[in-house]
Amino acid sequence: MKKLIAAFAAVAAFSAHAAETLSVAASPVPHAEILEFVKPTLAKEGVDLKIKVFTDYVQPNVQVAEKRLDANFFQHQPYLDEFNKSKGTHLVSVAGVHIEPLGAYSNKYKKLEDLPGGATVVIPNDATNGGRALLVLEKAGLIKLKDAHNILSTPKDIAENPKDLKFRELEAATIPRVLTQVDLALINTNYALEAKLDPAKDALFIEGKDSPYVNILVGRPDDKDSDAMKKLVTALHSPEVKAFILEKYKGSIVPAF
């Protein structure tokens, strides 16, 4: 009996030692929350999920590219493409998880048509989210762009601006902090939720659920197909995660699987 107990103990010790660690960078909301939800499931699969929270859109990619972390979960494909192009990195999409509609918010006005001439509008200063914000404003009827399909449009690409809107570009994470100081702010849903805004109720205009900006799990080409990564993808694409997203975020975030 003692030998049998010792054998079980040895197996348990080996299993614990064999557990694979997977480190993932994530934005606080909703990405880190979703990862925390699947963490117990991965533990049962022998994967120790380490979640490192970031509030910016640069370091998560830098640290994965430099192999300080295994993966990240915070961005969409157009942002990743632009980052790889500008930084010379080769990060790849591993799986799509959800969509975070970009919304237009105001503390001063209840409707977009109430915006006065010369109103100040703040948009993200990174190329893809800035262009995305302008496309949202065009869809809302506030401006017209030279090319309605150019996701990298900048304020210089505005062809018609009947309200003579004045544009300011700020880091996406800081925009909720200046909401009271401007007339309109284009805010990514993850930062809106962190600021206790309800995109479904507070946004004056929001992207449709057909948005192409699916948030993705990102890794390096050399380990995107590792067993641990595959287990994470399976967990993120589970019916339980879909139900979690629908129940917790109530339409502000939409599953993309």
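Residues numbered from 1 in each chain as written. Predicted model: local features only at pLDDT ≥ 70, side-chain atom pairs only at ≥ 80, totals over all residues. Heavy atoms only, no water.

Scanning the chain from N- to C-terminus turns up 9 helices and 13 strands. Oriented by its inertia axes, the alpha-carbon framework of the chain measures out at about 85 × 40 × 30 Å. Here the chain holds 257 residues, and the buried ones make up 47% of them. Once local pairs closer than 6 in sequence are excluded, the contacts in the chain between residues at least 24 apart make up 74%. Carbon and sulfur atoms form 54% of the exposed surface of the chain, whose accessible area is close to 12600 Å². Taken as two groups, the 32 positive and 33 negative side-chain charges of the chain have centres that lie 4 Å from each other. (Helix = DSSP H or I, 4+ residues; strand = E, 2+ residues; numbered from the N terminus. Buried < 20%, exposed > 50% of the residue type's maximum accessible area, 1.4 Å probe, protein only. Contact = heavy atoms within 4.5 Å. Areas by Shrake-Rupley, 256 points an atom, 1.4 Å probe, with all protein chains shown as cover. Lys, Arg positive; Asp, Glu negative; His and termini not counted. Charge placed at Lys NZ, Arg CZ, Asp CG, Glu CD.)

Opposite charge on two side chains makes pairing possible when the charged atoms of those side chains draw close. Under the criterion given, the structure shown has 8 salt bridges. Across the salt bridge formed by Asp183 and Lys108, the nearest N and O atoms sit 3.7 Å from each other. Within this pair, whereas Asp183 is found in the loop between strand 9 (166–170) and strand 10 (184–187), its partner Lys108 is found in the loop between strand 5 (103–105) and strand 6 (120–124), the two being separated by 75 residues in sequence. The partner of Lys224 in a salt bridge is Asp225, and the shortest N-O contact between them spans 3.1 Å. One salt-bridge network, held together by shared partners, links Arg220, Asp222 and Asp223. (Salt bridge = Lys/Arg side-chain N within 4 Å of Asp/Glu carboxyl O.)

Across all of its chains, the model carries 1 cavity of 30 Å³ or more by this definition. Quantified by volume, the largest cavity comes out at close to 80 Å³. Residue lining of the largest cavity: Tyr57, Phe74, Gln75, His76, Tyr79, Glu100, Asn129, Arg132, Asn188, Thr189, Asn190 and Asn215, and that is the complete set. For the lining of the largest cavity, the secondary structure elements donating two or more residues are strand 3 (71–76), helix 5 (127–139) and helix 6 (189–194). For the lining of the largest cavity, the leading source of residues is strand 3, giving 3 residues. Of the residues in the lining of the largest cavity, the class split is 3 nonpolar, 7 polar and 2 charged. (1 Å grid on protein atoms, 1.4 Å probe; cavity = no way out; pocket = protein on both sides within 12 Å on 5 of 7 lines; lining within 4 Å. Points joined across faces, edges and corners; volume = space filled by probe spheres on them. Nonpolar A, V, L, I, M, F, W, Y, C, P; charged D, E, K, R; others polar.)

Right, let's talk about the pairing of strand 2 (residues 47–53) for a bit. Relative to strand 2, strand 1 (residues 20–26) runs parallel, the two being bridged by 7 bridges. Note that in strand 2 the partner of Thr21 across the bridge is Asp48. Where the polypeptide runs from strand 1 across helix 2 (residues 28–44) and back to strand 2, its parallel neighbour, the crossover connection is right-handed. (Pairing = 2+ DSSP bridges. Right-handed = clockwise from strand over helix to strand, strands pointing away.)

Taken in spatial order, the 6 strands make up an open sheet running 2-1-3-12-4-13, and their pairing is mixed. Each having just a single partner strand, strand 2 and strand 13 (254–255) make up the two edges of the open sheet. Across the sheet, helix 4 (residues 77–87) is in contact with strand 3, strand 4 (92–99) and strand 12 (214–219); its angle to strand 3 comes to roughly 110°. Along the sheet, helix 8 (residues 227–236) contacts strand 1, strand 2, strand 3, strand 4 and strand 12; its crossing angle with strand 1, the most-contacted strand, is approximately 55°. (Axes fitted to C-alpha atoms, helices over the stretch in contact; angles between N-to-C directions.)

Once that is clear, we can look at the confidence of the model for the chain. On average, residues of the chain score 92 in pLDDT, and 92% of them reach the 70 mark or higher. Here residues 4–17 is modelled with pLDDT under 50, and outside its nearest four sequence neighbours on either side it reaches 0 contacts, counting other chains as well. (pLDDT = per-residue confidence, 0-100.)

For the rest of this paragraph, the subject is the sheet that holds strand 11 (residues 205–206). As summarised here, the arrangement of the 5 strands in space is 9-6-10-5-11, forming an open sheet in which the pairing is mixed. Among the strands making up the open sheet, the edge pair consists of strand 9 and strand 11. Here 3 bridges tie strand 5 to strand 10, and the two strands are oriented antiparallel to one another. Pairing of Tyr105 across the sheet is with Ala185, part of strand 10. Contacts between helix 5 and the sheet are confined to strand 6, strand 9, strand 10 and strand 11, with strand 6 contributing the most and set at about 135° to the helix.

This part takes up the packing of aromatic side chains. Enumeration over the complete set of coordinates arrives at 7 aromatic pairs. Centre to centre, the rings of Tyr57 and Phe74 are 5.6 Å apart; their planes meet at 35°, and the pair counts as tilted. Remark: Phe74 occurs in strand 3 and Tyr57 occurs in the loop between strand 2 and helix 3 (59–65); sequence separation between them is 17 residues. Across this residue pair, the class does not change: Tyr57 and Phe74 are buried. Geometrically, the ring pair formed by Phe74 and Tyr79 is edge-to-face, given 6.0 Å between the ring centres and 75° between the ring planes. The exposure class of Phe74 is buried, given its relative accessible area of 3%. According to the relative accessible area criterion, Tyr79 is buried, its value standing at 8%. Aromatic ring contacts, followed pair by pair, group Tyr57, Phe74, Tyr79, Phe83 and Tyr191 into a single cluster. (Phe/Tyr/Trp six-rings, centres within 6.5 Å; stacked < 30°, edge-to-face > 60°.)

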